[in-house]
Amino acid sequence: HAKEHDQIFIRYTEAMKKRTQSRVELENDMRKALERDEFFLEYQPQFSLLTGKMVGMEALVRWNHPKRGLLPPNDFIPLAEDSGLIVPLGEWVLKTACEHNRKWQLDGYEPVCVSVNLSMRQFRQYNLADKVDAILREVGLDAKYLELEVTESMTFDIDTALNQLQSLKRLGVHISIDDFGTGYSSLNYLKSLPIDRLKIDRSFVKEVMLDGNDAAIVSTITTMAHHLKLKVTAEGVESEEQLEFLKGQNCHEGQGYLFSKPVPARVLESQFLSRLAG
Ligand code: C2E
Ligand code: CA
Ligand code: CA
Ligand code: CA
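Residues numbered from 1 in each chain as written. Chains lettered and ligands numbered in written order. Predicted model: local features only at pLDDT ≥ 70, side-chain atom pairs only at ≥ 80, totals over all residues. Heavy atoms only, no water.

Going by the annotation in an unreviewed UniProt entry, the name recorded for the chain is Diguanylate cyclase, with Paenibacillus vini given as the source organism.

Here it is in structure tokens:
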């Protein structure tokens, strides 16, 4: 028995070692990936549920890994968070998204807002607002065309969050709460923080037609957003039925596979951006 147990233990530790090796490997790869231009952005368009018009887009990072192929963010963002590499990566995402958006405006497309996800590490930087300001100036993008997405967990230390968000708001950027309803934070921050938008997490939207509780939650978040004079976006809209339900709740905006999956920049440009009239 003891021997069998030892063997299981050895196999177990070997598997652990492999996993750690692959983590370390991926982390080293990520250090080089920024220099080698292996990251790129896709954009998911966001639509007004009232008019059906495209009103904005969310920038989502992807990694074209030389050996492993195309990696989704869930495969490397957590690792980038742990290692701290999320800070330079996040700055690259911010700058690239602003550059794209500015270029589209110069090319004569109707101006829309681009949303960029912030990580906890970035949010904790004392000079984040200065960095955002520097990028906006360098790129020449008006701050009102940038929205920063933070999660509820980042509002946990309310005083620090208030400071950071006020500095960002002074630049003129918009702030949204991503994955709203999934965090452990209290609702207290909603009345004290300068936020513009709630993004209803897709887990609630997913079952809205099947689960009365999810429908109640979506309806309640939307009503609360209206009362607090916040905009509200439903994430993960996949069906016409969900869309009709959301319209019935007066939800302002939606994002999801029903409208479009995230697409490369040139596809967003050719299929979703509209030329200014005249
Ligand atoms: P998120 O911010 O909640 O982004 C939305 C995710 O939902 C995207 O996954 C998008 O492809 C997916 N999605 C959109 N519509 C639908 C739908 O109708 N159905 C379903 N099933 N999924 C939908 P993606 O691109 O894999 O990103 C996953 C997460 O990775 C993001 O979740 C975000 O938390 C993180 N992430 C992505 N890009 C960045 C970045 O540049 N910086 C940081 N810090 N995090 C990022
Ligand atoms: Ca997001
Ligand atoms: Ca989200
Ligand atoms: Ca998420």
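## Things to note about the overall build of the chain
Helix and strand counts for the chain stand at 11 helices and 10 strands. Taken against the 2.2 N^0.38 rule, which gives 19 Å for 278 residues, the C-alpha radius of gyration of the chain at 21 Å falls within 12% of a compact globule. When contacts within the chain are restricted to residue pairs at least 6 apart in sequence, those whose partners lie at least 24 apart make up 68%. Across the chain, the mean location of the 34 positive side-chain charges is 3 Å away from that of the 41 negative side-chain charges. (Helix = DSSP H or I, 4+ residues; strand = E, 2+ residues; numbered from the N terminus. Rg over C-alpha atoms; globule rule 2.2 N^0.38 Å. Contact = heavy atoms within 4.5 Å. Lys, Arg positive; Asp, Glu negative; His and termini not counted. Charge placed at Lys NZ, Arg CZ, Asp CG, Glu CD.)

## With respect to the packing of helix α3 (residues 86–106) against helix α5 (residues 128–139)
Packed helix pairs are characterised by how far apart their axes lie and by the angle those axes make with each other. Remark: α3 packs on α5, axes separated minimally by 10 Å, with the N-to-C direction vectors making an angle of 35 degrees. Viewed along their axes, α3 and α5 form a crossing whose handedness is right-handed. Facing Val87, Glu91, Leu94, Lys95, Cys98, Glu99 and Arg102 of α3, the residues of α5 in contact are Lys131, Val132, Ile135, Leu136, Glu138 and Val139. For the contact of α3 with α5, the residue count by class is 7 nonpolar, no polar and 6 charged. (Axes fitted to C-alpha atoms, helices over the stretch in contact; angles between N-to-C directions. Left-handed = near helix turned anticlockwise from the far one by under 90°. Nonpolar A, V, L, I, M, F, W, Y, C, P; charged D, E, K, R; others polar.)

## Quick notes on the coordination of the calcium ion (ligand 3)
Ligation of the calcium ion (ligand 3) by protein atoms is provided by Asp178 (OD), Asp179 (OD), Glu235 (OE) and Glu235 (OE), these donors lying 2.2 to 2.5 Å from the ion. Within one chain, the residues serving as donors to the calcium ion (ligand 3) are arranged as D-D-x55-E. Taken as a pair, the calcium ion (ligand 3) and the calcium ion (ligand 2) lie 3.9 Å from each other and share Asp178 as a ligand. Linking Asp178 in strand β6 (residues 174–180) with Glu235 in the loop between β8 (231–234) and α10 (240–248), this pair joins segments that are 57 residues apart in sequence. Of the two residues, Asp178 and Glu235, both sit in the buried class. (Donors = N, O, S within 2.8 Å, 3.2 Å for Na, K, Ca; no water. Buried < 20%, exposed > 50% of the residue type's maximum accessible area, 1.4 Å probe, protein only.)

## Some points on the site of ligand 1
Neighbouring ligand 1 are 21 residues; Gln44, Arg62, Arg202, Glu238 and Tyr257 lie closest to it. Within the side chain of Asp179, one N or O atom sits 3.3 Å away from an oxygen atom of ligand 1. With the chains in place, 84% of the 800 Å² that ligand 1 exposes on its own is no longer accessible. When residues of the shell around ligand 1 are traced back to their parent elements, those giving at least two are β2 (54–65) and β6. No other element matches β2, which puts 4 residues into the shell around ligand 1. (Near = heavy atom within 4 Å. Polar contact = N/O pair within 3.5 Å; in protein donor to acceptor, adjacent residues only side chain to side chain. Areas by Shrake-Rupley, 256 points an atom, 1.4 Å probe, with all protein chains shown as cover.)

## Concerning the state of the cysteines
This structure, assessed with the given rule, holds 0 disulfides. Cys113 carries a free sulfur, and the closest cysteine sulfur to it, the one in Cys98, is 9.6 Å from it. Residue class for Cys113 comes out buried when judged on its relative accessible area of 17%. Free of any disulfide, Cys251 has its nearest cysteine sulfur in Cys113, 17 Å distant. Its relative accessible area of 1% is what places Cys251 among the buried residues. (Disulfide = S-S within 2.5 Å.)

## Quick word on the layout of surface pockets
Estimates place the volume of the largest pocket at around 1,100 Å³. Together, 35 residues line the largest pocket, and Glu58, Leu60, Pro73, Asn74 and Asn117 are the ones closest to its centre. When residues of the lining of the largest pocket are traced back to their parent elements, those giving at least two are β2, α2 (77–83), α3, β5 (146–151), β6 and α8 (202–206). Examining the composition of the lining of the largest pocket, we find that 5 residues originate from one element, β2, more than from any other. (1 Å grid on protein atoms, 1.4 Å probe; cavity = no way out; pocket = protein on both sides within 12 Å on 5 of 7 lines; lining within 4 Å. Points joined across faces, edges and corners; volume = space filled by probe spheres on them.)

## Observations regarding the nonpolar core
Core analysis: the largest hydrophobic core is formed by 79 residues, its most contacted members being Tyr43, Leu146, Leu148 and Ile195. Considering every element that reaches this core, the biggest residue donor is α3, with 8 residues. Excluding residues that lie within four positions of it along the chain, Ile195 makes contacts with Leu165, Ile175, Ile177, Tyr189, Leu190 and Leu230. (Core = buried A, V, L, I, M, F, W, Y, C linked by side-chain atoms within 4.5 Å.)

## Points about the environment of Val55
Relative to the elements of secondary structure, Val55 occurs in strand β2. Beyond its immediate stretch of four places on either side in the chain, Val55 contacts Gln46, Phe47, Ser48, Val112, Cys113 and Glu253.

## A word on the side chain of Gln105
Note that Gln105 resides in helix α3. Note on Gln105: relative accessible area 16%, which makes it buried. Filtering out sequence-adjacent residues up to four positions away, Gln105 remains in contact with Pro111, Val112, Leu141 and Tyr145.

## Things to note about the pairing of strand β7 (residues 197–200)
Of the two faces of β7, the one lined by Arg197 and Lys199 and the one lined by Leu198 and Ile200 are each fully buried. Pairing of β6 with β7, which is carried by 3 bridges, proceeds in the parallel orientation. Across the sheet, residue Phe180 finds its bridge partner in β7, namely Ile200. Across 4 bridges, β7 lies against β8 in parallel orientation. Among the inter-strand pairings, Ile200 is bridged to a residue of β8, identified as Ala234. (Pairing = 2+ DSSP bridges.)

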